[in-house]
There are 4 protein chains.
Amino acid sequence: MNNSFGNIFRLTTFGESHGKAIGGIIDGCPAGHKINLELISNEMQRRKPGQSKIVTQRKEDDAVEFLSGIFEGLTTGTPIGFIIKNKDQKSKDYDHLKDSYRPSHADFVYEKKYRIRDYRGGGRSSARETACRVVAGAIAKQILKNIGIHAFTTSIGNISLDENYNLNNPKNIEKSIVRCPDNIVSEKMIEEIKKARKNGDTLGGIIKCIISNMPIGLGEPIFNKLHSELGRAMLSINAVKGFEYGSGFKGTKMKGSEHNDIIKKDETTKTNYSGGIQGGISNGMDIFFNVAFKPVATVMKDQKTINSDGNESIIKGKGRHDPCVVPRAIPIVEAMAAMVILDYFLINKTKTL
Amino acid sequence: MNNSFGNIFRLTTFGESHGKAIGGIIDGCPAGHKINLELISNEMQRRKPGQSKIVTQRKEDDAVEFLSGIFEGLTTGTPIGFIIKNKDQKSKDYDHLKDSYRPSHADFVYEKKYRIRDYRGGGRSSARETACRVVAGAIAKQILKNIGIHAFTTSIGNISLDENYNLNNPKNIEKSIVRCPDNIVSEKMIEEIKKARKNGDTLGGIIKCIISNMPIGLGEPIFNKLHSELGRAMLSINAVKGFEYGSGFKGTKMKGSEHNDIIKKDETTKTNYSGGIQGGISNGMDIFFNVAFKPVATVMKDQKTINSDGNESIIKGKGRHDPCVVPRAIPIVEAMAAMVILDYFLINKTKTL
Amino acid sequence: MNNSFGNIFRLTTFGESHGKAIGGIIDGCPAGHKINLELISNEMQRRKPGQSKIVTQRKEDDAVEFLSGIFEGLTTGTPIGFIIKNKDQKSKDYDHLKDSYRPSHADFVYEKKYRIRDYRGGGRSSARETACRVVAGAIAKQILKNIGIHAFTTSIGNISLDENYNLNNPKNIEKSIVRCPDNIVSEKMIEEIKKARKNGDTLGGIIKCIISNMPIGLGEPIFNKLHSELGRAMLSINAVKGFEYGSGFKGTKMKGSEHNDIIKKDETTKTNYSGGIQGGISNGMDIFFNVAFKPVATVMKDQKTINSDGNESIIKGKGRHDPCVVPRAIPIVEAMAAMVILDYFLINKTKTL
Amino acid sequence: MNNSFGNIFRLTTFGESHGKAIGGIIDGCPAGHKINLELISNEMQRRKPGQSKIVTQRKEDDAVEFLSGIFEGLTTGTPIGFIIKNKDQKSKDYDHLKDSYRPSHADFVYEKKYRIRDYRGGGRSSARETACRVVAGAIAKQILKNIGIHAFTTSIGNISLDENYNLNNPKNIEKSIVRCPDNIVSEKMIEEIKKARKNGDTLGGIIKCIISNMPIGLGEPIFNKLHSELGRAMLSINAVKGFEYGSGFKGTKMKGSEHNDIIKKDETTKTNYSGGIQGGISNGMDIFFNVAFKPVATVMKDQKTINSDGNESIIKGKGRHDPCVVPRAIPIVEAMAAMVILDYFLINKTKTL
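For every chain, the first residue of its written sequence is number 1, and the numbers climb from 1 along that sequence. All chains are assigned letters beginning with A, and all ligands numbers beginning with 1, in the order in which they are written. This being a predicted model, a pLDDT of at least 70 is required before a residue's local features are given, and a value of 80 or more before pairs of side-chain atoms are given or counted; all residues contribute to the totals for chains, interfaces and linings. Hydrogen atoms and water are omitted, and side-chain values are computed over all heavy atoms in the structure.

**Some remarks on the interface of chain C and chain D**
Every contact between the two is made by 107 residues of chain C and, on the other side, 107 residues of chain D. Contact between chain C and chain D buries roughly 8,500 Å² in total, counting both sides, with carbon and sulfur atoms accounting for 58%. Three residues, Lys113, Phe223 and Lys241 of chain C, lead the burial of chain C against chain D; their summed loss comes to 11% of the area buried on that side. When a carboxyl oxygen of Asp or Glu is within 4 Å of a side-chain nitrogen of Lys or Arg, the pair counts as a salt bridge. Connecting chain C to chain D are 4 salt bridges. Notably, a salt bridge pairs glutamate 267 of chain C with lysine 112 of chain D, separated by 3.0 Å at the nearest N-O pair. Under the rule applied, a polar contact is a pair of N or O atoms within 3.5 Å (in protein, one hydrogen donor and one hydrogen acceptor; residues adjacent in sequence only if both atoms are side-chain atoms). Linking chain C to chain D there are 43 residue pairs in polar contact (both at pLDDT 80 or more). All residues other than Ala, Val, Leu, Ile, Met, Phe, Trp, Tyr, Cys, Pro, Asp, Glu, Lys and Arg, Gly among them, are scored as polar; the first ten of these are nonpolar and the last four charged. Residues of the side of chain C that touches chain D, tallied by class, amount to 38 nonpolar, 44 polar and 25 charged. Here 3 bridges tie strand S11 (residues 240–245) of chain C to strand S11 (residues 240–245) of chain D, and the two strands are oriented antiparallel to one another. For glycine 242 of chain C, the partnering residue across the bridge sits in S11 of chain D and is glutamate 244 of chain D. Contact criterion: two residues are considered in contact whenever any of their non-hydrogen atoms come within 4.5 Å of each other. The term buried area denotes the loss of accessible surface (1.4 Å probe radius) that occurs when two parts are joined, taken as the sum for both partners. Two strands are counted as paired when DSSP detects at least two bridges linking them. Going along the chain from the N terminus, every DSSP run of H or I of four or more residues is numbered as a helix, and every run of E of two or more is numbered as a strand.

**With respect to the packing of aromatic side chains**
Under the pairing criterion, centres of Phe, Tyr and Trp rings, with the six-membered ring standing for Trp, must be within 6.5 Å; the plane angle then separates stacked pairs below 30 degrees from edge-to-face pairs above 60, leaving the rest tilted. According to the stated counting rule, one finds 30 aromatic pairs over all chains in the structure shown. Taking 5.3 Å as the distance between ring centres and 40° as the angle between the ring planes, the aromatic pair formed by phenylalanine 243 of chain A and phenylalanine 289 of chain A counts as tilted. Note that phenylalanine 243 of chain A is positioned in strand S11 (residues 240–245) and phenylalanine 289 of chain A in strand S14 (residues 287–293), a separation of 46 residues in sequence. Each member of the pair, phenylalanine 243 of chain A together with phenylalanine 289 of chain A, is buried. A ring pair is formed by tyrosine 101 of chain B and phenylalanine 108 of chain B, whose centres lie 5.4 Å apart and whose planes are at 75°; its orientation type is edge-to-face. The ring of tyrosine 114 of chain A carries lysine 113 of chain A above its face, with NZ or CZ at 5.8 Å from the centroid. For the exposure calls, accessible area comes from a 1.4 Å probe over protein chains only, and a residue counts as buried if that area is under 20% of its type's maximum, exposed if over 50%, partly exposed in between. Should the NZ of a Lys or the CZ of an Arg lie within 6 Å of a ring centre and within 35 degrees of the ring normal, that charge is described as sitting over the ring.

**A short note on the relation of the copies chain C and chain D**
Residues below a pLDDT of 70 in either copy are left out; the C-alpha atoms of the rest, at least 70 in both, set the least-squares superposition of the copies. Superposition of chain C onto chain D requires a rotation of 180° combined with a translation of 0.0 Å along the rotation axis, giving an RMSD of 0.0 Å. The transformation just described matches what one would write down for a two-fold rotation axis. A high fraction, 100%, of the interface residues of chain C reappear at the interface in chain D, so the copies pair face to face through one surface.

**Quick notes on the relation of the copies chain C and chain B**
Placing chain C over chain B gives an RMSD of 0.0 Å and needs a rotation angle of 180°, together with 0.0 Å of translation along the axis. Mapped onto chain B, 100% of the interface residues of chain C are again interface residues, and the two copies thus contact each other with one and the same surface.

**A closer look at the confidence of the model for chain A**
Across the chain, each position has a pLDDT score giving the predictor's confidence in that residue, from 0 to 100. On average, residues of chain A carry a pLDDT of 95, and 100% of them reach 70 or more. The ipTM value of the predicted complex is 0.97, and its pTM value is 0.98.

**Thoughts on the nonpolar core**
With 327 residues, the main nonpolar core has Phe289 of chain A, Phe289 of chain B, Phe289 of chain C together with Phe289 of chain D as its most contacted residues. In this structure, phenylalanine 289 of chain A is in contact with Ile207, Lys208, Cys209, Ile211, Leu230, Met234, Phe243, Glu244, Tyr245, Val333 and Ala337 of chain A, ignoring residues within four places of it in sequence. The set of buried Ala, Val, Leu, Ile, Met, Phe, Trp, Tyr and Cys residues whose side-chain atoms join them within 4.5 Å is what this entry labels a nonpolar core.

**Examining helix H4 (residues 183–198) of chain B**
Residues and elements named next belong to chain B. For H4, with 16 residues, the first-to-last C-alpha span of 22 Å sits near the 22 Å given by 1.5 Å per residue. Buried residues along H4 sit in contact with strand S8 (148–156), strand S9 (159–160) and helix H7 (326–348). You can read the cap of H4 off the contacts: a side-chain oxygen lies 3.0 Å from the backbone nitrogen of isoleucine 184, and it is on aspartate 182. Of the residues flanking the end of H4, it is glycine 200, one or two places downstream, whose phi is positive at about 70°. To estimate how far a helix should reach, multiply one less than its number of residues by 1.5 Å.

**Here we look at the interface of chain C and chain B**
Each side of the interface is counted separately: chain C has 41 residues, and chain B has 41 residues. Summing both partners gives a buried area of about 3,100 Å² for chain C against chain B, and 65% of it is carried by carbon and sulfur. Per-residue buried area on chain C facing chain B is highest for Leu67, Phe71 and Ile116 of chain C; these three make up 20% of the total on that side. Run the count over chain C and chain B and you get 0 salt bridges. On the surface where chain C and chain B come into contact, there are 6 residue pairs in polar contact (both at pLDDT 80 or more). Elements supplying a minimum of two residues to the side of chain C that touches chain B: strand S2 (10–14), strand S3 (21–27), strand S6 (74–75), strand S7 (80–85) and helix H2 (107–114) of chain C. Class assignment for the residues of the side of chain C that touches chain B results in 15 nonpolar, 17 polar and 9 charged.

Structure, rendered in structure tokens:
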């Protein structure tokens, strides 16, 4: 279950950062859908390393090879197998990690849990695996077509969009390399990232995701509420520390009489503090949520740590890394959201005959 | 899958607020453990209605009848079936909801999803079902014995514990009816709740949970990271709007060089911004997380809404309700945490031979 | 997973033979279906002990109490919880088993696996749990309505129906207490059972099940073929030793040119050696399969065995037992078949949009 | 769930007969095990086409490329991804099947279920996918090391081993191209297959599998009995029509007093009609079961059928096919058995602390 995500529409992935390839199997994809490979490639471009000057310079073209499940351009209902070859690994860069645990990385816990680890580039714990999520998400998006799923950066370190910022035009997101749709704030964020990089340091940030044109009725009480699954999906992305939807943490300061979303005659609600989900089930209003990303753990500075024989040592910052993962995490957030929505759409088909 | 929680240690529940009984089945409980029924009863007391003047006055003794799986005081490895009878339903109080949808409740979405609903007391969407979670959690806690799981209230509306508050003595939690371990802040919170109740209004708040004495190595990459599952568990509790662990949303403002937790020779870390989890796996440090609860949707005020034939109507605040669910949610948060930890402890046993 | 059966339509059960009650939770039952409680009760009558002179004389009325999930006579889509109280346990009859393992029973393996067991009446390993399956199956049957599911006895010990026997009228099944629709063969079977009982011995037999009016397309390649799941379902019933469908074991002696089912213009096939399933998917023809039941392990004779301290001992045949389980297993076979068909019907709804 | 098999040790597969590649992901493989690639390759040789004169002459070297999860020769606990390229497809041979349904093949039901199918070589329904099962089984076998899993041919068409045949030396199995360990019977079987091939016809047969040196305690009541899962596993293999274990169908003719396996002081049983499993749990005795394979559906003769516009047509026997799948199915039966045993071994680790 651990390398699989989803119930009916289900992705299973494999692969280490510096292995031969990463890849996955998409099971339960409905049959008869035209798959546009260019749209998948576009999503991969949004996530791939080396796409701009503010991300890691590892060069991967991240070309996806589909091996099954698509016949004459259409899904057949059989599992879609795919691989993405690793090309620009520089495993030598990681030799110093063989016996040493990087602070706030997964090195130490993998060693303790499995008693063995592929230390090259973080092995399985590297965010490289998220490329597979983007593949499955890109397919889910195509099947959901009428449903809009748009994520964007609302803060990088201390630079934030205005709290009441309204996304009028999703197209503005991709105009910014940091994927913040307000170009003034975007510029400030880019400066902040450059400054951090120059200092050998890293930044975190917050991503907001909006799902529009939602059907009513998706979400499965009690334990599989729609927002529980969205939360789980987002929290499974590397570096994520928090998730809130609708009014979120701020909603805890409101009074019930303010927070309640009055239902209007057209079945929409006057306000949307519920974030499009009530009792775990979509009510047709926009779903929106925030995802918190911690600053990247790999800094270009010397840090104290211990090595595998328990002695203290100094670890050097080496290799090619992102000073901030937020810009590249946008398509991952969207991909995970798309997978959840499609999966719950399919589950919902079984609730009445 | 929807009314089940957990993989190896798995709870499945049933029951509506005003049905004959609620109950559940606990599957996968390890064999040979002595079950102390009084400890279970204690946990039930902490959740039950009518326990203090700041919660709903519905009277339920919430006595649990165990029907199987425990023999001569020990778990046998077979499923533990249990029921809790509903006693003090006043279904008449809900007749006005038959054709009317309460704002920010699940009435509207259940009707749309299932085309039928048990409107009495919210039916399945009522928080009454959480009693079953407390039963399973109380058993999980007994099996985990050495691991400490303590939740407490850190804010109610605008009244908050100091951000750097340190829980020195978990016993102080239960000394407060609002379950805030600082007695000065606790008093203020109680006042705030009383004030809200007087105004026919309701409040939200935040619960913090600390899991101490954790074994290293629990958590399953990629999609079943320990915090993903904790997040999903918490987000499945009624009224929850957000989850963050470790540095959480605030961590997004930190630099990587500040945020990294330096590993010391004794394998603990100097700081704990990671919140006891790295790469989705416990590192032996305390796990801590925050859970955001929205204000209760049922207010004792008239509210506009629509009814099932699509016409506008006025809904009256009636019935017995909590002005704030946070105090009663404390044992639920602990129960869900205990189930996750035990489940992941059992899963982890299969990772090496 | 172990006490749950099914994917979308899923039964989870609990209960020991001599505990307070047995019961279960049916999750994923589609909403809006009228449930006829009398039809459920009828199915329970077909399985219950004491129904005729050739079965165990334990007296259980096996009344089912539904606790949730049905509102004003209709399923609501929420879990259906139910219990069946144990009434006529005579646990004293089992005191001699506390430290002794009955041959070909589960006593020995439960003790080894769990290091503890409820020895009274076989505990969880007793066929008493199958009553819960009949409840869930009776609900599944009502939802499937147009699909016919009929099981009947084809052999008891050495007495068999003619190999080419054709079930013309399913109503004849219930006219026979051994549930063999041919009244001459039925009489012989009853005599055979009486003779075995008089000798303190027991018999096995074979049940055939026919599922008619099947929709095309049910069954999920690769690992969840329709017949794999039917086989698994049948093999999970106590005392079952074998399963075959369509041409079965005899089909291995045929040539491909004889065995192939030629497809006709109306999309039916000329012959039906496939047993209604091709490539794991229903083709619309009748599904039929055979289930082999071993003779009951409890004989009314002294048998050698060992006890829990490893010493040899003699175990006496005591208690009230069936000389042959086949007549009472008929409704269980049908119930399991109904659950599989409904579950796969619901899964199939997700394969195309 | 449909293209995945297993709970803890779980294989997910993809791939069509004439696609670019087939492959799979093995999740939940315990960490730290040395993997001998040659042993995997040996198993693949036993299944591969073209291995002898009595099987299909399609030439595939069936080389497995491992892409992840094995580091410096050891399993790491992360998913093992692998692919097997398709090389010798002759898709042209299947052009005539584009609009025509082969009798007793899956063509018709795939078309009805998914409304689209990859008709080349049977697409996903081809037994080509079983190569992936052999990979996973070969890894499971290596981890189980002390447990012996040996399958062999007991009948081909009307030629059978003596019912009481005893497998003294598993090495004799591989000395026979039909994998029958008795060389006289083996010769007769080979003749029978040659004769069938000459007539453009095909044969079925029966495979017996023996699992020796079993630990006590594997198997999960109620619905996941060890034999239920073995049965499901075997029934999921292409062309299988039946499964029986222990005394099987013949056991239905025995009396209880004969059938009971008396437990001896050393905890073995005097007889083994139970087939090593009681109450769904292994008792330490050898497990043995039979699997029935129907004759191959592709015959080299003209057959009547219908095409996709509903008109009658004649289908010609073309392509390279096995006159009998039994010899090549031996390693598949063993692979599925190995996966079940390892999976249940891992599950059993969670039953007591």
